[in-house]
Amino acid sequence: MALKSTNPTTTNAWKLLKAHFETVRQQHMITMFDADTDRVKNMTIQWDDFYLDYSKNRVTSETIDLLLQLADEVHLKDAISKYFSGAIINETEGRAVAHVALRNSTYSEFFIDGENVMPDVLEVKKQMQVFTEDITSGKLKGFTGKPFTDIVNIGIGGSDLG
């Protein structure tokens, strides 16, 4: 159930976006705000505590339409659906990605290959909590026998829990 692999730069939408970029690149923001007095309202997304104001970028309604066309041409909806359904989309490792399960704050079931992986995810999170508490409390010491003072966290790929 691999993802459709479409190079976005080969799509019609990409070509149109490149041409569109040439028309908006020299536009001044003040001109864009003057032309659309509701620009902030029209180019703001608010969802719960999430607030995104992209009005101060060289974006027009045509830009948004072209970006949506690009999303269609690269099959983004299909990719998102597979991502959230536990489908095997990691082509390098031939497995599902577990980012959704790892960030599942409701702890509802999440299935990969027919198995609910949430019990394993919760167990690893508990182990991580104990480990972090042991570090921050000074219970766990470094090689020198001294408590840790600095931590460098290097996340590889999409998840520290991967």
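The structure this text deals with has already been given above.
Now for a quick tour of the structure. (Residues numbered from 1 in each chain as written. Predicted model: local features only at pLDDT ≥ 70, side-chain atom pairs only at ≥ 80, totals over all residues. Heavy atoms only, no water.)

What to know about the pairing of strand β2 (residues 50-53)
Remark: a regular strand shows side chains that alternate across the two faces of the sheet.
Now for step 1: Across 4 bridges, strand β1 (residues 44-47) lies against β2 in antiparallel orientation. Across the sheet, residue Q46 finds its bridge partner in β2, namely Y51.
Now for step 2: If you look at the hairpin formed by β1 and β2, you'll find 2 residues sitting between the two strands, and D48 has a positive phi there, around 50°. (Pairing = 2+ DSSP bridges. Helix = DSSP H or I, 4+ residues; strand = E, 2+ residues; numbered from the N terminus.)

Things to note about unusual backbone geometry
Now for step 1: Positive phi outside glycine occurs at D48, with the angle close to 50°.
Now for step 2: For D48, a relative accessible area of 60% gives the class exposed.
Now for step 3: With a phi angle near 60°, H75 is a residue other than glycine that sits in the positive phi range.
Now for step 4: By the secondary structure assignment, H75 is in the loop between α4 (61-73) and α5 (76-85).
Now for step 5: Judged by relative accessible area, which is 29%, H75 ranks as partly exposed. (Buried < 20%, exposed > 50% of the residue type's maximum accessible area, 1.4 Å probe, protein only.)

Structural notes on the packing of aromatic side chains
Now for step 1: Enumeration over the complete set of coordinates arrives at 1 aromatic pair.
Now for step 2: For the pair Y83 and F84, a centre-to-centre distance of 5.1 Å together with 75° between the ring planes defines the contact as edge-to-face. (Phe/Tyr/Trp six-rings, centres within 6.5 Å; stacked < 30°, edge-to-face > 60°.)

Points about α4
Now for step 1: Across its 13 residues, α4 extends 18 Å between first and last C-alpha, which sits within 8% of the 18 Å expected from 1.5 Å per residue.
Now for step 2: Where α4 is buried, its residues meet α1 (12-24) and α5.
Now for step 3: Of the residues flanking the start of α4, the one acting as N-cap is T60, its side-chain oxygen 3.2 Å from the backbone nitrogen of E62.
Now for step 4: Looking one or two residues beyond α4, the residue adopting positive phi is H75, at roughly 60°. (Expected span 1.5 Å × (residues − 1). Contact = heavy atoms within 4.5 Å. Polar contact = N/O pair within 3.5 Å; in protein donor to acceptor, adjacent residues only side chain to side chain.)

Structural notes on the side chain of N90
Now for step 1: In this structure, N90 sits in strand β3 (residues 88-90).
Now for step 2: Accessibility expressed as a relative area gives 15% for N90, which makes it buried.
Now for step 3: Polar contacts involving the side chain of N90 include one to the main-chain amide nitrogen of T92, which spans 3.1 Å.
Now for step 4: Once residues lying within four places of it in the same chain are set aside, the contact partners of N90 are R95 and V97.

So, the nonpolar core
Now for step 1: Core analysis: the largest hydrophobic core is formed by 9 residues, namely A96, V100, A101, L102, F110, I112, V117, M118 and V121.
Now for step 2: When contributions to this core are tallied by element, the ones reaching two or more residues are α6 (99-102) and α7 (118-137).
Now for step 3: Sorting elements by how many residues they give to this core places α6 first, with 3 residues.
Now for step 4: If we skip the residues at most four places from it in the chain, M118 touches A101, N104, Y107, S108, E109 and F110. (Core = buried A, V, L, I, M, F, W, Y, C linked by side-chain atoms within 4.5 Å.)

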